[in-house]
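What follows is each chain in one-letter form.
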Amino acid sequence: MASDIRNIVILTGAGISAESGVATFRGPDGLWEGHRVEDVATPEAFVRDPALVHKFYDARRSALAAVEPNAAHRALARLDAEWPGELLLVTQNVDDLHERAGSKRLIHMHGELKSGWCLRCNQRSAWNGAMGQGAECPACGTTGLVRPDIVWFGEIPYRMDEIESALQACDLFVSIGTSGAVYPAAGFVQTAHYCGAQTLEMNLDPSLGSYLFDEARVGPAGKLVPAWVEEMLA
């Protein structure tokens, strides 16, 4: 596969972080860590009950200390470091496991747990501890107007122009650990395919969009991804 590949776009979803112990976004019962998504992951929820939303994301941020990057994260970081062509890693995940593994060419399209967004000055700042309703913006000093820098339902994912340009120019699009149900990410395979790219899915189970890919490999990311990276760098 690698001989005629120059530019690669990789999409990762909840499945890759689940192998490190990060809770997936929605469980089988439609809840996220015991909460309805509508109560913790919409702008309306933040207006209605900011204390609940902050408590939820503070807990998610705190939980990151107990997890580590797995073999799939590390393999992608190796590919990032050693691949001579263009490479863009786009993640739907809001954890920091790709960074901690060493990935550099990375976009968090749904935001980051360890970032705060000030609604007064529009600045984003690194955030490691609890945020809460009384959080002070490091940039402007305003309190009470910092929210988790997370793309909620009804909001537009980040850096979509860059992602679309990379998809249109890539020779290979790879989707890892995604459900194939959340748009716009679920449509990336179609964009890449229509622009002439090869497409590969690696998932624990076939996604809703598996039939759209040229090739699908089924199994844990921690085994599939390192093996694929070895192929690409051989």
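You'll find the structure just up there.
Quantities reported herein were computed from a predicted structural model and do not represent experimental measurements.

We now examine the pattern of salt bridges. Going through the model one piece at a time under the given rule, you end up with 14 salt bridges. Residue Glu68 pairs with Arg100 through a salt bridge whose shortest N-O separation is 3.4 Å. Here Glu68 is found in the loop between helix H4 (50–63) and helix H5 (71–82), whereas its partner Arg100 is found in helix H6 (residues 97–101), with 32 residues between them in sequence. By relative accessible area, which is 34% here, Arg100 ends up partly exposed. We note a salt bridge from Arg100 to Asp96, for which the minimum N-O separation is 3.0 Å. Connected through shared salt-bridge partners, Glu68, Asp96, Arg100 and Lys114 make up one network.

Once that is clear, we can look at the sheet that holds strand S7 (residues 124–126). Ordered in space as S7-S6-S8, the 3 strands form an open sheet in which the pairing is antiparallel. Edge positions in the sheet fall to S7 and strand S8 (146–150), since each of these pairs with one other strand and no more. Mean inter-strand twist for the sheet, computed between neighbouring axes without regard to direction, equals 45°. Its contacts with the sheet place H4 against strand S6 (111–118) and S8, and it is angled at close to 55° to S8.

The peptide bond linking Tyr183 to Pro184 adopts the cis configuration, its omega dihedral lying at 10°. Unlike most non-glycine residues, Asn122 shows phi in positive territory, near 70°. Here Asn122 lies in the loop between S6 and S7. Even without a glycine there, the phi angle at Arg159 is positive, about 55°.

This brings us to empty space enclosed by the protein. Over the atoms, a rolled probe matching the size of one water molecule traces out where space is still vacant. Tallying each qualifying case throughout the model produces 1 cavity of 30 Å³ or more. The wall of the largest cavity is formed by 13 residues, among which Ser175, Gly180, Ala186, Val189 and Phe213 lie closest to the centre. Among the residues forming the lining of the largest cavity, the class breakdown is 7 nonpolar, 5 polar and 1 charged.

Here we take up the side chain of Asn203. Mapped onto the elements of the fold, Asn203 is located in strand S10 (residues 198–203). Here Thr178 takes part through its backbone oxygen, which lies 2.7 Å from a polar atom of the side chain of Asn203. Only 3.2 Å separates the side chain of Asn203 from the backbone oxygen of Asp205, close enough to count as a polar contact.

Cut-offs applied
Residues numbered from 1 in each chain as written. Predicted model: local features only at pLDDT ≥ 70, side-chain atom pairs only at ≥ 80, totals over all residues. Heavy atoms only, no water. Salt bridge = Lys/Arg side-chain N within 4 Å of Asp/Glu carboxyl O. Helix = DSSP H or I, 4+ residues; strand = E, 2+ residues; numbered from the N terminus. Buried < 20%, exposed > 50% of the residue type's maximum accessible area, 1.4 Å probe, protein only. Pairing = 2+ DSSP bridges. Axes fitted to C-alpha atoms, helices over the stretch in contact; angles between N-to-C directions. Contact = heavy atoms within 4.5 Å. 1 Å grid on protein atoms, 1.4 Å probe; cavity = no way out; pocket = protein on both sides within 12 Å on 5 of 7 lines; lining within 4 Å. Points joined across faces, edges and corners; volume = space filled by probe spheres on them. Nonpolar A, V, L, I, M, F, W, Y, C, P; charged D, E, K, R; others polar. Polar contact = N/O pair within 3.5 Å; in protein donor to acceptor, adjacent residues only side chain to side chain.

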